[in-house]
Amino acid sequence: MDKFLITGCSGFVGRHFLDYLEDNRIKCEILGIDLDPMVPHRNFRYVNMRSECVDLLDQNDIERIIFDFQPRYILHLASFSSVAFSWKNPTISFKNNVNIFLNLLEVIRKYGLNTRILSIGSSEEYGNVAPEETPLTEMSPLRPLSPYAVARVAQEMLSKLYADSFGIDIVITRSFNHIGPGQRDVFVVASFIRRILEAKLSGEDKMTMKTGDLQIVRDFLDVRDVVKAYYLLLKKGRKGEVYNICSGIPTQLSEIIDMTAKIVDLKVDTVVASEFVRPNDNPYILGDNSKLKRDTGWEKSFALETSIRDIIDYWKNVLTENNG
């Protein structure tokens, strides 16, 4: 039976990865690590870092956990994944997004374990690109423009270094913007949908919403398609290779607002506010997922409108419970 170690398992992606394993009846043993409490899944053990005084920045703690569990696969999700957070807290962002990963690599190297690691990177590594430079492939140059993006590039370079120098079995992703039910509203799509739905549920028939630059284009992929890609890469990805995790479809942020407003039947006017405009924000991001498809057989399952409707349902439940 395969053993999966999932760091950051109680987060947005971690919970959906657990759902994927369970929904597809994949026989496995799972050890999850996170700061926050969570409801266990089948064949699941959980390390609550707070209650058990575990620190992933302490190599001794990671060493004990990995040596005891002997995972076949590690899905490393523990990170601060917000670009905005990295601008406000660059030291914390870099330390957590690089040092924890380095500790994992060192334990695998030290004990020579037969463990495959999925190193999660970001499309933010590509930086600002002109539309004519897209779709971005894995061969496109990296031009990180935020502390978060620099940390992700550093993690990727460490991955390649340990794969090439020590033979560690690592597969690397550059994951584009993912969306879906359960995502926190510090992220743009969840924030838009929550604010629009709050206005609708309060009885308004129109609203004015402050936003950042709505002309920005992103490549959005449903988190349920993301975790399917992660599982397939753990099983079929090529050692030392980088894979874009993306839809290959460009979507302007204004389209998200328009689609949500239409679904909930609310008129939404927008105004750009300086507090929502990020420094050096990438104006246009679009990826090429052909390598992922070719090597793993992955295909996208969720259309954007389906994702938006499911996110609306999620926030409707949350807001109803909060007001109940």
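To be clear, the structure that these remarks concern was listed above.
As the structure is a prediction and not an experimental result, all values here were calculated from the model. (Residues numbered from 1 in each chain as written. Predicted model: local features only at pLDDT ≥ 70, side-chain atom pairs only at ≥ 80, totals over all residues. Heavy atoms only, no water.)

**Considerations on the pairing of strand S11 (residues 242-245)**
Working step 1: Neither face of S11 is open: one carries Val242 and Asn244, the other Tyr243 and Ile245, and all of them are buried.
Working step 2: The pairing of strand S6 (residues 169-175) with S11 spans four bridges and is classified as parallel. Each bridged residue has a counterpart across the sheet, and for Ile172 the counterpart in S11 is Val242. (Buried < 20%, exposed > 50% of the residue type's maximum accessible area, 1.4 Å probe, protein only. Helix = DSSP H or I, 4+ residues; strand = E, 2+ residues; numbered from the N terminus. Pairing = 2+ DSSP bridges.)

**Focus: the packing of helix H8 (residues 253-264) against helix H10 (residues 304-323)**
Working step 1: Between H8 and H10, the least distance of the axes is 10 Å, while the angle of their chain directions is 60°. By the angle between their axes, H8 is oblique relative to H10. The way H8 lies across H10 gives a crossing that is right-handed. Facing H8, whose interface residues are Ile256, Met259, Thr260, Ile263 and Val264, H10 presents Leu304, Glu305, Ile308, Arg309 and Ile312.
Working step 2: Grouping the amino acids of the contact of H8 with H10 by side-chain chemistry returns seven nonpolar, one polar and two charged. (Axes fitted to C-alpha atoms, helices over the stretch in contact; angles between N-to-C directions. Parallel < 35°, antiparallel > 145°, perpendicular 65-115°, else oblique. Left-handed = near helix turned anticlockwise from the far one by under 90°. Contact = heavy atoms within 4.5 Å. Nonpolar A, V, L, I, M, F, W, Y, C, P; charged D, E, K, R; others polar.)

**With respect to the side chain of Lys228**
Working step 1: Checked against the element boundaries, Lys228 lands in helix H7 (residues 223-236).
Working step 2: If near-sequence neighbours (up to four positions away) are discounted, Lys228 is found in contact with Tyr20, Trp298, Glu299 and Ser301.

**Some points on the nonpolar core**
Working step 1: Core analysis: the largest hydrophobic core is formed by 33 residues, its most contacted members being Phe17, Tyr230 and Ile245.
Working step 2: Elements that contribute at least two residues to this core include exactly strand S1 (2-7), helix H1 (12-23), strand S2 (28-34), strand S4 (73-76), strand S5 (116-122), H7 and S11.
Working step 3: At nine residues, the largest contribution of residues to this core is made by H7.
Working step 4: Once residues lying within four places of it in the same chain are set aside, the contact partners of Ile245 are Thr173, Arg174, Ser175, Phe176, Leu221, Val226, Ala229, Tyr230, Leu233 and Leu292. (Core = buried A, V, L, I, M, F, W, Y, C linked by side-chain atoms within 4.5 Å.)

**A few points about the pattern of salt bridges**
Working step 1: All chains considered together, the criterion is met by 19 salt bridges.
Working step 2: With its nearest N and O atoms 3.8 Å apart, the salt bridge here joins Lys228 to Asp225. Of the two residues, Lys228 and Asp225 are both situated in helix H7; the distance of three residues between them amounts to about one turn of the helix.
Working step 3: For Lys228, a relative accessible area of 18% puts it in the buried group.
Working step 4: Linking Arg294 and Asp295 is a salt bridge whose minimum nitrogen-to-oxygen distance equals 3.8 Å.
Working step 5: We classify Arg294 as exposed; its relative accessible area is 56%.
Working step 6: Here the salt bridges do not stand alone but share partners, grouping Glu125, Glu156, Lys160 and Arg174 into one network. (Salt bridge = Lys/Arg side-chain N within 4 Å of Asp/Glu carboxyl O.)

**A word on H1**
Working step 1: With twelve residues, H1 extends 17 Å from end C-alpha to end C-alpha; this agrees with the ideal 16 Å at 1.5 Å per step.
Working step 2: Residues of H1 that are buried include every one of Phe12, Val13, Gly14, His16, Phe17, Leu18, Tyr20 and Leu21, and no others.
Working step 3: Just downstream of H1 lies Arg25, where phi reads positive at about 50°. (Expected span 1.5 Å × (residues − 1).)

**What about the packing of H1 against H7?**
Working step 1: Where H1 contacts H7, the two axes come as close as 9 Å, and the packing angle between them is 70°. The angle between the axes of H1 and H7 places the two elements in the roughly perpendicular class. Read as a crossing pair, H1 and H7 show a hand that is right-handed. Contacts between H1 and H7 involve Phe12, Val13, His16, Phe17, Tyr20 and Leu21 on the former and, on the latter, Val223, Arg224, Val227, Lys228, Tyr230, Tyr231 and Leu234.
Working step 2: Residues belonging to the contact of H1 with H7 are distributed by class as follows: ten nonpolar, one polar and two charged.

**Section: the environment of Glu275**
Working step 1: Following the sequence through the fold, Glu275 ends up in the loop between strand S13 (267-272) and helix H9 (290-296).
Working step 2: Look at Glu275 and you get exposed, because its relative accessible area is 53%.

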